[in-house]
Amino acid sequence: MTEFELGELILSSTPFAHVLSNEFRGQYCDYCFIKKDNLKRCSQCSFLYFCDKNCQVKAWEMHKTECKFIKKAGDKKPTPSLRLIALIIFKIKKYGTNEPSEDVYGRKVSFASLMSHAEEIKQDLKRCQIIMAMLITLKEYIGSDNLPPPAEFTEIFGKMCVNSFSICHEMSPIGSGLYLGASVFDHSCDPEAVAIFDGTTLNVRMMKKVPHRDIQKVFISYVGELLLKEEKQRQLKEQYYFSCKCSYCIFSQNDDLMTKLFDDSVEVKEKALKCEGDLESIKQMLNDQKDPELINDACSRLLEEENEVLGDTNIYKIRTLEIAFDTCIKLQAWDKAITLASCLEEPLRLYFGTHHPSLGIFLFKYGKILHFKEFSNVAVTKLSEAENVFKITHGEHHPLTKELESILHDAKLSSVFIDSKKELKCIKL
């Protein structure tokens with residue numbers, strides 16, 4: 001074979017160290033990250049939860065070291081980032097020069113071989129302040145005897161920041177982990193491959209067919225797609241210490257579409273700025289876990305304002321629609337969710353292209369709602385499109401693909417019995 005094929009699994013990697021975000025504790029297993037009811041709490045620290053004895057035993061290799069420190073911390077539990085770097089320190093100390101490694105297309109990757117950007121970090125005042133604060137907190141958490149010297153700690157901190165991934169469930173982050181093998185992939189804003197998680201296992205699959213099998217010429221994206229060039233460059237510089245020079249960044253072909261307004265008048269520009277500020281307030285409401293009803297009302301008011309000044313391809317309007325759509329799902333406001341989805345579909349297709357997991361997740365959600373509301377023929381169309389995406393980005397054996405196939409099967413059966421001419425009506429935004 002002389003080329004990487006569309007949908008090909010090119011890397012599968014398990015985490016060197018990983019932690020679940022605190023807000024999801026008790027919902028997902030702290031070892032395998034599978035969502036499950038009736039999780040079993042660790043009898044020692046009473047902080048971590050596991051599916052069963054099997055997951056607890058597998059986790060114990062690393063958890064047994066941190067367990068006593070978590071228990072000692074009492075009510076002052078460690079943050080996920082503090083836990084992650086502590087676990088990395090424990091693992092380095094445990095294995096020493098015999099640390100584990102991954103073979104990636106003939107290249108041996110270990111923690112020692114990872115890039116740290118330590119010199120850049122030393123010149124970064126913000127990061128230096130974070131390191132100093134973390135050292136003080138870590139000393140209190142695991143004791144000074146377990147802390148490496150400051151220079152070594154800066155190296156470890158840098159490697160954690162540069163090589164960690166947000167571990168996602170349906171494209172929403174639920175934790176973070178450091179992966180050795182996946183560190184070989186560089187960034188492009190127009191990537192050929194995508195990292196998808198099956199529990200804590202990171203799988204990299206091809207979103208495009210390329211005429212070679214050189215892993216060093218396959219790129220993933222480190223940042224979100226729905227960002228302006230300036231914001232992407234800022235995030236990449238702050239987090240990874242480089243400026244992207246891919247074709248997307250050179251030509252900035254999407255920036256005009258992403259900021260499209262109804263016209264260039266001063267009044268419209270002022271209203272657009274106000275809309276951006278209101279969107280940030282809604283995001284803060286999400287972070288603060290405010291009542292979904294309040295978020296839904298705020299989104300409805302903002303969309304009314306945005307519809308007067310922002311074009312359909314404007315990313316601030318798209319983000320508001322996404323928040324409103326997900327909030328309606330939480331509230332089981334299915335009719336409004338269908339209307340919002342109909343507004344989101346074309347812009348998402350425009351920016352994500354044919355084979356992107358975010359488009360697949362959206363179509364899956366949209367299709368499930370349509371199936372529930374008995375618009376079976378339309379549901380079959382959306383779910384079939386989602387299935388085509390998932391088989392490329394997730395693979396045929398991923399749990400999400402299997403779940404989709406089951407719902408699609410039911411939708412196809414329903415379409416036989418439900419009037420195919422049933423009209424799809426949407427409420428007015």
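Residues numbered from 1 in each chain as written. Predicted model: local features only at pLDDT ≥ 70, side-chain atom pairs only at ≥ 80, totals over all residues. Heavy atoms only, no water.

Going by an unreviewed UniProt entry, the protein carries the name SET and MYND domain-containing protein 3 and comes from Parasteatoda tepidariorum.

Asker: When you look at the overall build of the protein in this model, what are you seeing that I'm missing?
Answerer: What the protein contains, in helices and strands, is 15 helices and twelve strands. Over its C-alpha trace the protein gives a radius of gyration of 23 Å, about what one expects of a compact globule, namely 22 Å for 429 residues. Along the first, second and third principal axes, the C-alpha set of the protein runs to 70 × 55 × 55 Å. Put simply, the protein has 429 residues, and 49% of those count as buried. Counting contacts in the protein only where the partners sit at least 6 residues apart, residues at least 24 apart contribute 65% of the total. As displayed, the protein offers around 21,700 Å² of accessible surface, 51% of which is attributable to carbon and sulfur atoms. Distance from the positive charge centre (57 side chains) to the negative charge centre (62 side chains) of the protein: 6 Å. (Helix = DSSP H or I, 4+ residues; strand = E, 2+ residues; numbered from the N terminus. Rg over C-alpha atoms; globule rule 2.2 N^0.38 Å. Buried < 20%, exposed > 50% of the residue type's maximum accessible area, 1.4 Å probe, protein only. Contact = heavy atoms within 4.5 Å. Areas by Shrake-Rupley, 256 points an atom, 1.4 Å probe, with all protein chains shown as cover. Lys, Arg positive; Asp, Glu negative; His and termini not counted. Charge placed at Lys NZ, Arg CZ, Asp CG, Glu CD.)

Asker: In this structure, what is going on with the domain arrangement of the protein? I would like to understand it.
Answerer: Buried accessible area, meaning the area lost when the parts come together, often serves as the stated size of an interface. With domains assigned, the protein is organised as domain 1 (3-180) and domain 2 (254-417). A separation of 32 Å is found between the C-alpha centroids of domain 1 and domain 2. Summing both sides of the interface, domain 1 and domain 2 together bury roughly 570 Å²; the carbon and sulfur share of this comes to 70%. Counting the contacts that link domain 1 with domain 2 gives zero salt bridges. Where domain 1 meets domain 2, there are zero residue pairs in polar contact (both at pLDDT 80 or more). (Domains from an automatic or database assignment. Buried area = accessible area lost by both parts, 1.4 Å probe. Salt bridge = Lys/Arg side-chain N within 4 Å of Asp/Glu carboxyl O. Polar contact = N/O pair within 3.5 Å; in protein donor to acceptor, adjacent residues only side chain to side chain.)

Asker: Where do I start with the pattern of salt bridges in this structure?
Answerer: With the rule as written, the count across this model stands at 23 salt bridges. Note that Glu61 is salt-bridged to Lys94, the shortest N-O span being 3.0 Å. Here the residue Glu61 occupies a position in helix α1 (residues 53-73), and Lys94 occupies one in helix α2 (residues 80-95), the gap between them amounting to 33 residues. You can call Glu61 partly exposed: its relative accessible area is 37%. The partner of Asp335 in a salt bridge is Lys373, and the shortest N-O contact between them spans 3.4 Å. Of this pair, Asp335 sits in helix α12 (residues 334-352) while Lys373 sits in the loop between α13 (357-372) and α14 (376-393), placing them 38 residues apart in sequence. Of the residues examined, Asp335 reaches a relative accessible area of 34% and is grouped as partly exposed. Taking the relative accessible area as the measure of exposure, Lys373 reaches 26% and is therefore partly exposed.

Asker: What exactly am I supposed to notice about the packing of aromatic side chains here?
Answerer: Any pair of aromatic rings gets described here by the distance separating the centres and the angle formed by the planes. Tallied over the full model, the rule gives 14 aromatic pairs. Taking 5.3 Å as the distance between ring centres and 10 degrees as the angle between the ring planes, the aromatic pair formed by Phe16 and Phe111 counts as stacked. Residue Phe16 is located in the loop between β1 (9-13) and β2 (17-20), and its partner Phe111 is located in the loop between β6 (107-110) and α3 (118-122); the two are separated by 95 residues in the primary sequence. Side by side, Phe16 and Phe111 carry an identical accessibility label, which is buried. By way of ring pairs, the aromatic residues Phe69, Phe90 and Tyr141 are connected into one cluster. (Phe/Tyr/Trp six-rings, centres within 6.5 Å; stacked < 30°, edge-to-face > 60°.)

Asker: What is the right way to look at the environment of Thr97 in this model?
Answerer: Among the secondary structure elements, Thr97 is positioned in the loop between α2 and β5 (101-104). Relative accessible area serves as the criterion here: at 78%, Thr97 is assigned to the exposed category. Separated by 15 residues in sequence, Thr97 and Ala112 have C-alpha atoms that sit 9.1 Å apart.

Asker: Is there a simple way to explain the environment of Val223 in this structure?
Answerer: Positionally, Val223 belongs in the loop between β12 (219-220) and α6 (229-240). For the pair Val223 and Lys76, spaced 147 residues apart in sequence, the C-alpha to C-alpha distance is 32 Å. Each residue touching Val223, except ones within four places of it in the same chain, is listed here: His187, Lys232, Gln235 and Leu236.

Asker: Would you take a moment to explain the sheet that holds strand β8 (residues 172-178) for this structure?
Answerer: Two orientations exist for strands paired in a sheet by backbone hydrogen bonds: parallel and antiparallel. Strand order in the open sheet formed by three strands is β2-β8-β7, and the pairing between neighbours is antiparallel. The strands lining the two open edges of the sheet, one partner per strand, are β2 and β7 (164-169). Shown here is a sheet whose adjacent strand axes are inclined to one another by a mean of 30 degrees, direction ignored. Here β2 pairs with β8 via four bridges, running antiparallel. Bridging from a neighbouring strand, Leu20 pairs with Gly175 of β8. In the packing of α2 onto the sheet, contacts are made with β2, β7 and β8, and the angle to β2 comes to roughly 160 degrees. Together, β7 and β8 form the strand contacts of helix α5 (residues 150-163), whose direction differs from that of β7 by roughly 40 degrees. (Pairing = 2+ DSSP bridges. Axes fitted to C-alpha atoms, helices over the stretch in contact; angles between N-to-C directions.)

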